Amino acid sequence: MENLTPMLKQYNEIKKAYPEYILFFRLGDFYEMFYEDARTASKILEVVLTSRSAGSSGKVPMCGIPYHAADSYISKLIKAGYKVAICEQVEDPSKAKGIVKRDVVRLITSGTFIDEHSPDSRYIAAIYPDKKATGIAFVDYIEGGTIYTNSFEDTGRVSEILSGIPLYECIFPEDKKEMVEGIFNTPFLRGKKITMTPYDDWIFNKEIAEKNLCEHFRTGNLAGFGIDENEGAIKSCGGLLEYLRQVNRRPLTHITKVSLYTDTEHLYISPSAIYGLEIERLVSILDTTVTPMGKRKLKQWIYHPLLDVYKIKERQDAVKILIEKPSLRKDIIDILKGMGDTEKALSRISCGYSESVKDILLINNLLEKVLRLREILKGLKNPYFIIDDIPELREFLSITVEREIPSTNYEGYFVKRGYNKELDELRDIRENVKEWLRELQKKEIKRTGINSLKIGYNTVFGYYIEITKPNLSLVPDNYIRKQTLVNAERFITPQLKEFEEKILTAEERILAIERETIETVKGEILKYASQLHKISSSVAEIDTLCSLAETSEKNGYVMPEIDDGFEIIIKDGRHPVVEKSIEEKFIPNDTLLDNKENHFLIITGPNMAGKSTYIRQVALIVIIAQVGCPVPAKAAKIGLVDKIFTRIGAHDEISRGQSTFMVEMNETASIINNLSMRALVVLDEIGRGTSTYDGFSLAWAVAEYLTETGVRTLFATHFHELTGLSEKNKGVKNYNVAVKKSGKDVVFLHKIMPGGTDESYGIYVAKLAGLPEAIIKRADEILSKLELQGTLREQIIGEMKIDAPSLFGEIKENPYENIKKEIETLKKLKEEILDIDIEKTPPIEVSMKLKKIQEEIKENGKG
Ligand SMILES: Nc1ncnc2c1ncn2[C@@H]1O[C@H](COP(=O)(O)OP(=O)(O)OP(=O)(O)O)[C@@H](O)[C@H]1O
Ligand SMILES: [Mg+2]
């Protein structure tokens, strides 16, 4: 260390404080990395690993990237799971004595990274697990605004909440690692790439957290946020805020409030339902938004539909207006188009990103566009169409900011004329230069008689006069040679030099004034951070409403009736995604669900009939309806649903490290444990992941449980024996998906019909899928044999239909035990029969043994 160059000494000093970060060390136009950082980064960034002299102690590894392209390199490192510290020169190099002072100005982590290439939200969370309750706090760092927080006794609830948001980073106190790992050890969190950041315990200290929160939000206490008595919320929220402050290294102006997260306002879609119903694909069907914040908002609305009839109607009303006034919609979209991400801009300004000029323009643009929006939305009563204005800021920006600056090299052109007198004068000098140079060129051509004489500029020599070789003899005495090229020579004159001085000083001063003004403008913008957030959010909502109106008009959706009853009546419903992805016509189907006679629908039908499609479509229609959007149907009435659960054949369990059956049972357990009266349950072939008897017994038991609860359920199954449940329970209705047999072929009608079915066409489907003829034939043979043996199964089931014990009545035995016992007995009898050696046993003994077996069977038959 002693022998290092001063620069590397400075580097090591700074790096010491950020061991877990890759340090971007600014040297001129580059960010350089050294030592291990250089080795790691050069591999990920695919840049050359070089070395730099470290003084008398030899060389050290180094790699570098140009500072103006830093964003894309940072993005690569973040995505590879690293953290980055940006170290800048913090004094003017020309004024520095000795080595330029440098310091870390910003830390970038997975949760605080502003990804320029994605409009999606990026959440960062803090958790504080305790014996009594676990506190959580989370915020979308891109959007800024609100930190949501609360604490929960049930850590399962915490996992659920966290799996419902696009989470990128989670911080937690160092000494609670094990508890935190427990919370993250659930299928839906395990599969996500979340950076886990253990952090200093003190930031979660209650007193410090409380003080930090009050200071940041300028409040005397936390009662206004509803968390003053909520220890877990205070600790996690305070910890999160402090962490963000440390990472950001400047006031977090874009974090403007705290909100108690209760989520009683939204329809809960379970994590497995999000996967099973493919909500992401639903989003892509409904999305025609034109702004990045609209895109985020639409997603948020679909993942969190509403629960309040009044609020849903308010949205429906807004969508209706936009459907009825296509020209208004078009005008709105025209204004919104090309608006840019104003939420991100605000976050960037608040976080001190260098590209502020563009961001200021985005905000300026937002305020101007909002003015036009307000004009065309005037008179509409719906609250969604009321957008705030910030006249003071808008006017301030209109006098300070030049609207049309060059797209590149805008330095020196940003501040509007008239705002700063000195600046205007300096600019006049700059402008006059061109004129003056043209004049000078003309004059010199005349003086020397050289027609090709040219005045030019380069950064090394400044202004020069260029004379081509053939004319060199005509050059006057007062020309001073500066540079020789292949075909020409370049000269300066004292006059030109003097002029250059003047213009360069002017240029420098222009930039200094601009920089100052930019800081003032940024400060002014941040003063209005929370209002600007609100405006951006209103714009996002209007964009989203237009998108909903647009898609529903395009796809022939209809506005559903919403009430707080229990009936779900759908006339000619369609699956919004499947109808778009198949070539043939989608066959619409009706639905009737309530909490009485029709609360449990069993859908049977052969493979490929459309069972899964149908039950998903009902859940999706409910979601779309509660978003406030028209639904894919001819007519619909939706009695509010507060939770949607699904158990649908999953595809990605293996990657989540669990057996198919385990996941199935986990999910089923979580449905049963979290049911509510208003829930909607969608079960697709439960019990398929295990042996037929186990699976069937479980399916039966789960179905039976649900029929007793009265919760609205759609149950698709291949166990057609389950249709027997309707005999026991009035609320159970059987449906089947119609197929038409013609000869050996089958036609799928995709039409839901009342009644059960017991026909399966699995082998036919296998044939369609292209399995070789030999296999199909053999399967047919095996099937016929099995069907003969099937009588035993029918018998068992027949018995259960009559006797199957209710889980809620007197529970003698469960049906699963029954089947097991029966099989056991049959096995024993089989052995006994096989044990008889007919050749050697006298006939009388054989008949005695048979009699005994008969008696045993009869005995067993009594149960
Ligand atoms: N109502 C419909 N109209 C038109 N095509 C449909 C309809 N429903 C389903 N289909 C088509 O049939 C295919 C199979 O549907 P689905 O997966 O719902 O069948 P399934 O009965 O659940 O089959 P399996 O028993 O194998 O799970 C779908 O991918 C779709 O192409
Ligand atoms: Mg299916």
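Residue indices follow the written sequence of each chain, beginning from 1 at its first position. Working convention: letters from A go to chains and numbers from 1 go to ligands, in the order in which they are written. Residues qualify for local features only when their pLDDT is at least 70, as the model is predicted, and side-chain atom pairs are given and counted only at 80 or more; totals for whole chains, interfaces and linings, by contrast, use all residues. Side-chain measures here rest on the full set of heavy atoms in the structure, leaving out hydrogens and waters.

Caption draft 1: Here's a closer look at the sheet that holds strand β18 (residues 561-563). Each pair of strands is called paired provided DSSP finds at least two bridges between the two strands. Secondary structure counts use DSSP, requiring at least four H or I residues in a row for a helix and at least two E residues in a row for a strand, with both numbered from the N terminus. In spatial order, the strands read β18-β22-β19-β20; together these 4 strands make up an open sheet with mixed pairing. The two strands at the open ends of the sheet, each matched to only one other strand, are β18 and β20 (589-593). Across the sheet, the mean angle separating the axes of adjacent strands is 15° when strand polarity is ignored. As paired elements, β18 and strand β22 (residues 635-639) share 3 bridges and run parallel to each other. Within the sheet, the bridge partner assigned to I562 lies in β22 and is I638. Sheet strands in contact with helix α21 (residues 611-627) are β18, β19 (568-573), β20 and β22, and its direction is about 75° off that of β20. Throughout, an axis means a line fitted to C-alpha atoms (over the contacting stretch in the case of helices), and angles, computed between N-to-C directions, take values from 0 to 180 degrees. The criterion used for residue contact is that any of the two residues' heavy atoms lie within 4.5 Å.

Caption draft 2: Fine view of the site of ligand 1. Taken together, 15 residues lie near ligand 1, and I587, M608, K611, S612 and T613 sit nearest. Whenever two N or O atoms come within 3.5 Å, that pair is a polar contact, provided that in protein one can donate a hydrogen and the other can accept it, and provided that, for residues adjacent in sequence, both atoms are side-chain atoms. K611 places a polar side-chain atom, nitrogen or oxygen, 2.8 Å from an oxygen atom of ligand 1. In terms of residue count, the dominant contributor to the shell around ligand 1 is α21 (3 residues). Three residue categories are used. Nonpolar comprises Ala, Val, Leu, Ile, Met, Phe, Trp, Tyr, Cys and Pro, charged comprises Asp, Glu, Lys and Arg, and polar comprises the others, including Gly. Partitioned by chemical class, the residues of the shell around ligand 1 number 6 nonpolar, 6 polar and 3 charged. Proximity is defined per residue: any heavy atom of the residue falling within 4 Å of a molecule or strand makes that residue near it.

Caption draft 3: Representation of the pattern of salt bridges. What counts as a salt bridge is simple: a side-chain nitrogen of Lys or Arg found within 4 Å of a carboxyl oxygen of Asp or Glu. Evaluated as defined, the whole model comprises 44 salt bridges. In this structure, the salt-bridge partner of R39 is E36, at a minimum N-O distance of 2.7 Å. Placement of both R39 and E36 in helix α2 (residues 35-45) is noted, with a separation of 3 residues, approximately one turn of the helix. The exposure class assigned to R39 is partly exposed, which follows from its relative accessible area of 38%. Throughout, exposure labels follow a simple rule: accessible area from a 1.4 Å probe, protein chains only, divided by the maximum for the residue type, with under 20% read as buried, over 50% as exposed, and the rest as partly exposed.

Caption draft 4: Highlighting the packing of helix α14 (residues 342-351) against helix α19 (residues 529-555). Between α14 and α19, whose axes approach to 9 Å, the crossing angle comes to 160°. Between α14 and α19, the crossing angle belongs to the class labelled roughly antiparallel. In the packing of α14 onto α19, the handedness of the crossing is left-handed. In contact with T342, E343 and L346 of α14, α19 contributes A529, L532, H533, S536 and S537. Along the lines of polarity and charge, the residues of the contact of α14 with α19 split into 3 nonpolar, 4 polar and 1 charged. We call two directions roughly parallel when the angle between them is under 35 degrees, roughly antiparallel when it is over 145, roughly perpendicular when it lies between 65 and 115, and oblique otherwise. Definitions for this section: a left-handed crossing has its near helix turned counterclockwise from the far helix by less than a right angle. A right-handed crossing has that turn clockwise.

Caption draft 5: A look at the state of the cysteines. Pairs of cysteine sulfur atoms within 2.5 Å are what we label disulfides. Enumeration over the complete set of coordinates arrives at 0 disulfides. C63 provides the cysteine sulfur closest to C87, a residue in no disulfide bond, and the two sulfurs are 15 Å apart. The class of C87 is buried, set by a relative accessible area of 0%. Take C546: it sits in no disulfide, and the sulfur closest to it among the cysteines is that of C629, at 12 Å.

Caption draft 6: Just unusual backbone geometry, in detail. In this model, Y35 sits at a positive phi of 50°, which is unusual for a non-glycine residue. Tracing the sequence through the fold places Y35 in helix α2. Its relative accessible area of 27% is what places Y35 among the partly exposed residues. Positioned with a positive phi, R218 is a non-glycine residue whose angle comes to about 50°. Mapped onto the secondary structure, R218 falls in the loop between α7 (206-217) and α8 (231-248).

Caption draft 7: Main features of the domain arrangement of the protein chain. Domain extents, as shown, originate in an automatic or database domain assignment. Per the domain assignment, the segments of the protein chain are domain 1 (6-108), domain 2 (123-262), domain 3 (271-390 + 528-555), domain 4 (421-515), domain 5 (561-759) and domain 6 (815-861). The C-alpha-based centres of domain 1 and domain 5 are spaced at 57 Å.

Caption draft 8: Region of the structure containing the sheet that holds strand β7 (residues 123-129). The 6 strands are arranged β11-β10-β7-β8-β9-β12 in an open sheet whose pairing can be described as mixed. Of all the strands in the sheet, the pair left with one neighbour each is β11 (195-199) and β12 (255-260). Shown here is a sheet whose adjacent strand axes are inclined to one another by a mean of 20°, direction ignored. Summarising the sheet, strand β9 (residues 145-152) and β12 pair through 5 bridges and their orientation is parallel. Note on β12: the bridge partner recorded for G145 is I255. The sheet contacts of α8 involve β7, β8 (134-140), β9, β10 (167-173), β11 and β12, and relative to β8 the element is tilted by about 40°.

Caption draft 9: Molecular detail of the environment of N598. Structurally, N598 can be placed in the loop between β20 and β21 (600-604). In this structure the C-alpha to C-alpha distance between N598 and F414, which are 184 residues apart in sequence, comes to 67 Å. The contact partners of N598, leaving out residues within four places of it in the chain, are L592, L593, G731 and K733.

Caption draft 10: Broad picture of the packing of aromatic side chains. What counts as a ring pair is set by centres within 6.5 Å for rings of Phe, Tyr and Trp (its six-membered ring), and what kind of pair is set by the plane angle: stacked under 30 degrees, edge-to-face over 60, tilted for all other angles. Counted by the stated rule, this structure contains 21 aromatic pairs. Placement of a positive charge over a ring is assigned whenever Lys NZ or Arg CZ falls within 6 Å of the ring centre and within 35 degrees of the normal to the ring plane. Across from the ring centre of Y31, 5.6 Å away, lies the NZ or CZ of R26, which sits over that ring.

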